[in-house]
Structure formats: structure tokens, C-alpha cells
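So you can see what is in the structure, the chains are spelled out below.
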Amino acid sequence: MDEVSTTLSGVRGRVVSRDGTEIAYERYGDGRPLVLVGGADGGGGRVLAGLLARRFSVVTYERRGARAVEREIEDLAAVLAAAGPGAAVHGTETGGVLALAGAAAGLPVGAVSVYEPEPLADGLLQAVHARVLVVDGGASPAATRHAARALTAALPRARHRTLTGQTHEPSPHVLAPVLEEFLDEPV
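Residues numbered from 1 in each chain as written. Predicted model: local features only at pLDDT ≥ 70, side-chain atom pairs only at ≥ 80, totals over all residues. Heavy atoms only, no water.

Undergrad: Sorry, what's going on with the overall build of the protein here?
TA: Regarding its fold elements, the protein presents six helices and nine strands. Relative to the compact-globule value of 16 Å for 187 residues, the protein shows a C-alpha radius of gyration of 15 Å, a close match. In the protein, buried positions account for 50% of the 187 residues. Of the contacts formed within the protein by residues at least 6 apart in sequence, a portion of 61% connects residues at least 24 apart. Split by element, the accessible area of the protein, about 8,700 Å² in all, is 53% carbon and sulfur. The protein carries 18 positive and 22 negative side-chain charges, and their two centres are separated by 3 Å. (Helix = DSSP H or I, 4+ residues; strand = E, 2+ residues; numbered from the N terminus. Rg over C-alpha atoms; globule rule 2.2 N^0.38 Å. Buried < 20%, exposed > 50% of the residue type's maximum accessible area, 1.4 Å probe, protein only. Contact = heavy atoms within 4.5 Å. Areas by Shrake-Rupley, 256 points an atom, 1.4 Å probe, with all protein chains shown as cover. Lys, Arg positive; Asp, Glu negative; His and termini not counted. Charge placed at Lys NZ, Arg CZ, Asp CG, Glu CD.)

Here you go:
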């Protein structure tokens with residue numbers, strides 16, 4: 001981990017993925033480590049990170065793109081190493097898929113939470129041994145809510161939560177306390 005500068009928004013740094021690609025990240029707050037994995041647009045959720053930074057050391061990073069899942073798992077591994085031992089992971093949309101794929105691949109994750117991820121293969125899901133929280137929005141399409149419940153049922157150690165009134169893009173102010181509650185639960 002090479003932390004290079006401190007800004008008002010956080011500490012910026014870079015890690016090197018297995019194939020030599022540098023991955024930029026930002027760290028906010030101090031506390032137990034939590035990595036946020038954004039959706040396909042690569043966004044890291046700065047508002048959510050800021051809210052969670054009151055209690056956690058939150059790491060956001062720039063994703064390469066959804067077309068290289070194997071490489072993205074390697075990137076997540078490098079970011080997890082920078083975040084610290086037992087880092088929890090929260091992923092939104094395709095970031096949730098990546099968080100679960102990383103857990104299934106054996107990355108050293110603590111708890112995993114996902115918000116409305118795309119469907120995954122059942123075989124992959126059985127390899128996820130971390131505690132998982134699957135979250136959806138109560139105002140999201142019925143098919144999305146159904147998929148979240150099916151995902152919860154397919155995971156060995158998962159539970160489900162619906163955020164009333166939220167859509168596919170939840171309010172960080174609504175999501176943050178739900179994540180805090182989940183991450184504070186005794187293991």
C-alpha cells in the first residue's frame with residue numbers, strides 16, 4: 001500500500017494488482033475496514049463513504065470495468081490487502097456481483113453486503129461462506145425484489161432487507177445505517 005497524499009476527502013493511494021495494473025483508491029475515516037465496490041460506472045459512492053467513515057475505515061477504488069471479472073477479482077484482492085485484515089465489502093449492482101465472486105474465490109473478506117446485484121450462478125453462491133446481507137429497494141421493480149430474495153435463499157449465510165421507498169439508486173442516508181447495523185452484529 002502506497003499512500004501518497006492526504007486530501008480533505010480522504011487519503012489517496014495506489015495498490016498494484018496481480019497483473020501489474022495500478023489501482024487508485026481513497027480511504028476515509030478510521031475504524032474497522034470496509035471496502036465499497038461501485039457499480040459498472042465505477043463510482044465508489046463518496047457520499048456513502050463519508051457517512052460510513054464516522055465508524056469505519058472506508059476504502060473506495062476505481063474499477064477497471066465489468067468486462068474483466070477475473071482481473072477485477074485480483075484488483076479487489078489488492079484493495080482488500082490495503083484496507084486491512086478482515087475487511088468487510090459492500091457492493092452495489094455489478095459491484096455486488098464482484099463482492100460475491102471475490103468471496104466465492106476465497107478472498108479474505110469479512111462480512112459482505114450487496115445492493116440489488118445481478119443474478120449469479122448457484123454454484124458460485126454455494127462457495128460464499130461469509131455472512132451476507134442482500135438489500136433491495138421497496139420501490140424497485142418486482143423482478144429486482146424477487147431476484148434479491150432468491151439470491152438470499154441461495155446463499156448459505158445470508159439474510160435479506162428491503163429499504164422502503166428506495167429504488168435502484170438508494171439514498172446513502174437510508175443505506176448507511178442499515179450497513180452499520182449489519183456490520184456491528186456479533187459474528
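Undergrad: I keep staring at helix 2 (residues 69-83) and nothing clicks. Help me out?
TA: For an α-helix the count is 3.6 residues per turn, leaving residues at separations of three or four pointing the same way. If you check helix 2, its first and last C-alpha atoms are 20 Å apart, about what 15 residues at 1.5 Å a residue would give, namely 21 Å. Those residues of helix 2 that fall on the buried side of the exposure criterion are Glu72, Ile73, Glu74, Asp75, Leu76, Ala78, Val79, Leu80, Ala82 and Ala83. Check the buried side of helix 2 and you find it contacts strand 2 (11-16), strand 3 (22-28), strand 4 (32-37), strand 5 (56-61), strand 6 (88-92) and helix 3 (94-104). Directly beyond the C-terminal end of helix 2, a positive phi value near 125° is found at Gly84. (Expected span 1.5 Å × (residues − 1).)

Undergrad: Explain helix 6 (residues 172-184) here, please?
TA: Along its 13 residues, helix 6 runs 18 Å from first to last C-alpha, staying within 8% of the 18 Å computed at 1.5 Å per residue. Every buried residue belonging to helix 6 is among Leu175, Ala176, Val178, Leu179, Glu180, Phe182 and Leu183, and all of these are buried.

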